[in-house]
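An overview of the molecular structure
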Amino acid sequence: MYDVIIVGAGPAGLSAAIYSARAGLNTLVAESVFSGGQAATAYEIDNYAGFPKINGTELALKMETHAKDAGAAFAFRPIERAELTGGVKRLHSGGEVLEAKAVILATGGKKRKLGLANESRLTGSGVSYCATCDGGFFRGRTAAVVGGGNSALEDALYLANLCKKVYVIYRRSSFRGFKSIADQVAARENIEVLYCSEVTAVDGDFQVEQITVVNTQDGSQRQLAVDGLFIAIGMEPANEIFGDDLKLDERGFICAGEDCRTNLPGVFAAGDIRTKPLRQVITAAADGAVAAMSAFEYVSGEQR
Ligand code: NAP
């Protein structure tokens, strides 16, 4: 049995692993895909203290190496179900059960879908949720980005370096993302922003060929010929495995305070999956440290 199993190897989970292992706890990190979570798909992170500019994958690999050097073990396998009540926590994965005295949930978020009729069919054939992963396929071509947060703005800037033309389609009249990034978008000649606009259809036989955009102010509709549609409309909590006993907020994020303790003894939440006002790499990493120390107190019986 492990002292602590951390579910999710984004910045929250990896930081938790460093603190947990350094505190002497027998620590396992369970991750279904690869380390880094959303941060690993960021081309450039420029607001993580100490790293004025760093590629997301590079930062993730540094964190993973740091956690391994501290003594944490890794299992790259999906957790399908978690039994979180009781003294022994049980995590089900591929017919096996992993057991721990405490669990830190750091599962983060998953990309929100627009819900268009052809969206699933054309995913991988022009529809994408990750500009840094797929942008290279659109070199010299035309792409559209949907959304008005930091992800959409950063995706637009990334694509503008590759594409001949990038549309940004946003449903409101001014961006939600940081002004510094919005200013860079405004300064790029090959980016055209369509405010107060929504994408209502994506079409193409085998690849994306065009999108339909409706202006929400005057109801006018236009078709834009594009090769790629990048959807960057935020995240939903990745909360499928938790079961019914864990208290979630109305949006599905785990209710936990600054000490990262949930309503279930021995279960802690860290990073984007926790209710919190600011979701950034640095706040996720800070959560990981706090959650690990709360888990340490729980496991060693040093409850406050
Ligand atoms: P976000 O901040 O939640 O923004 C999502 C955007 O998508 C919003 O503009 C929203 O519109 C729009 N949207 C949501 N549902 C939509 C729908 N059905 N149709 C059309 N538009 C829709 O998400 P994010 O940009 O992925 O960022 C997530 C978090 O990571 C944020 O906290 C962000 O600050 C952080 N982040 C930070 C950086 C950085 O610091 N450099 C980079 C990337 C992400 P409304 O505005 O109308 O709600």
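Note: the structure precedes this text.
The model shown is predicted, which means the values in this text are computed figures rather than measured ones.

The full count for this structure, using the stated rule, is 7 aromatic pairs. Note on Y43 and Y158: the rings are 4.9 Å apart at their centroids and 55° apart in plane angle, and the pair reads as tilted. Residue Y43 is located in the loop between β2 (27–31) and α2 (56–70), and its partner Y158 is located in helix α4 (residues 150–160); the two are separated by 115 residues in the primary sequence. Since its relative accessible area comes to 17%, Y158 is described here as buried. Consider the rings of F268 and Y298, whose centres lie 6.2 Å apart with planes at 70°: the pair is edge-to-face. Here the residue F268 occupies a position in strand β17 (residues 267–269), and Y298 occupies one in helix α6 (residues 281–299), the gap between them amounting to 30 residues. Here F268 falls in the buried class, since its relative accessible area comes to 1%. The structure contains a cluster of three or more aromatic residues connected by ring pairs, namely Y170, F175 and Y195. It is K68 that lies over the ring of F74; its NZ or CZ is 5.3 Å from the centre. Positioned over the ring face of Y129 is K113, at 4.9 Å from the centre of the ring.

What follows is about the site of the ligand. In the neighbourhood of the ligand, 18 residues make up the surrounding shell, with N47, E154, Y170, R172 and R176 lying closest. Note that an oxygen atom of the ligand is positioned 2.5 Å from one of the side-chain N or O atoms of Y170. Tallied by class, the residues present in the shell around the ligand amount to 5 nonpolar, 7 polar and 6 charged.

With that out of the way, let us pick up the nonpolar core. Nonpolar side chains in soluble globular proteins generally cluster together in the buried interior. Grouped together as the largest cluster of nonpolar side chains are 33 residues, with contacts concentrated most on I45 and I104. Elements with a minimum of two residues in this core: β1 (2–7), α1 (11–22), α2, β6 (96–105) and α6. Not counting residues up to four positions away in its chain, the partners in contact with I104 are V4, I5, I6, V7, A16, F268, A270, A291, A292 and A295. Within the second largest apolar cluster, 23 residues are counted, among which are L159, L162, I181 and A232.

This part is about the pairing of strand β5 (residues 89–93). Among the 5 residues that make up β5, 4 are buried, leaving the element largely enclosed by the rest of the structure. Here 3 bridges tie strand β4 (residues 81–83) to β5, and the two strands are oriented antiparallel to one another. Across the sheet, residue A82 finds its bridge partner in β5, namely L91. Linking two consecutive strands that pair antiparallel, namely β4 and β5, is a turn of 5 residues; a positive phi of about 85° is found at G86 within it.

In this structure the tally under the stated criterion is 1 disulfide. The disulfide bridge from C130 ends at C133, spanning 2.0 Å between sulfur atoms. Judged by the sign of its S-S torsion, about 70°, the cystine formed by C130 and C133 is right-handed. With a relative accessible area of 46%, C133 lands in the partly exposed category. Of all cysteine sulfurs, the one in C130 lies closest to C163, which takes part in no disulfide; the gap is 14 Å. Here C260 is not cross-linked by a disulfide; its sulfur's nearest cysteine counterpart is in C255, at 13 Å. For C260, a relative accessible area of 0% gives the class buried.

The next thing to look at is the sheet that holds strand β8 (residues 127–128). Reading across from one edge, β8-β15-β9-β10-β11 is the order of the 5 strands in this open sheet, with parallel pairing throughout. Across the chains shown, the open sheet's two edge strands, defined by having one partner strand only, are β8 and β11 (191–194). The sheet contact formed by strand β9 (residues 142–146) and strand β15 (residues 228–231) spans 4 bridges and is parallel. Note on β15: the bridge partner recorded for A143 is G228. Sitting on the sheet, α4 touches β9, β10 (165–169), β11 and β15, and the angle it makes with β9 is about 170°.

Looking now at the layout of surface pockets. Within this model, the second largest pocket holds a volume of roughly 230 Å³. S15, I18, Y19, Y48, F51, L59, K62, M63, H66, A285 and A289 together form the lining of the second largest pocket. For the lining of the second largest pocket, the secondary-structure elements that each account for two or more residues are α1, α2 and α6. Broken down by element, the residue count for the lining of the second largest pocket peaks at 4 residues, all from α2. Of the residues assigned to the lining of the second largest pocket, the class counts are 8 nonpolar, 2 polar and 1 charged.

Reading the values: rules and limits
Residues numbered from 1 in each chain as written. Predicted model: local features only at pLDDT ≥ 70, side-chain atom pairs only at ≥ 80, totals over all residues. Heavy atoms only, no water. Phe/Tyr/Trp six-rings, centres within 6.5 Å; stacked < 30°, edge-to-face > 60°. Helix = DSSP H or I, 4+ residues; strand = E, 2+ residues; numbered from the N terminus. Buried < 20%, exposed > 50% of the residue type's maximum accessible area, 1.4 Å probe, protein only. Lys NZ or Arg CZ within 6 Å of the ring centre and 35° of its normal. Near = heavy atom within 4 Å. Polar contact = N/O pair within 3.5 Å; in protein donor to acceptor, adjacent residues only side chain to side chain. Nonpolar A, V, L, I, M, F, W, Y, C, P; charged D, E, K, R; others polar. Core = buried A, V, L, I, M, F, W, Y, C linked by side-chain atoms within 4.5 Å. Contact = heavy atoms within 4.5 Å. Pairing = 2+ DSSP bridges. Disulfide = S-S within 2.5 Å. Axes fitted to C-alpha atoms, helices over the stretch in contact; angles between N-to-C directions. 1 Å grid on protein atoms, 1.4 Å probe; cavity = no way out; pocket = protein on both sides within 12 Å on 5 of 7 lines; lining within 4 Å. Points joined across faces, edges and corners; volume = space filled by probe spheres on them.

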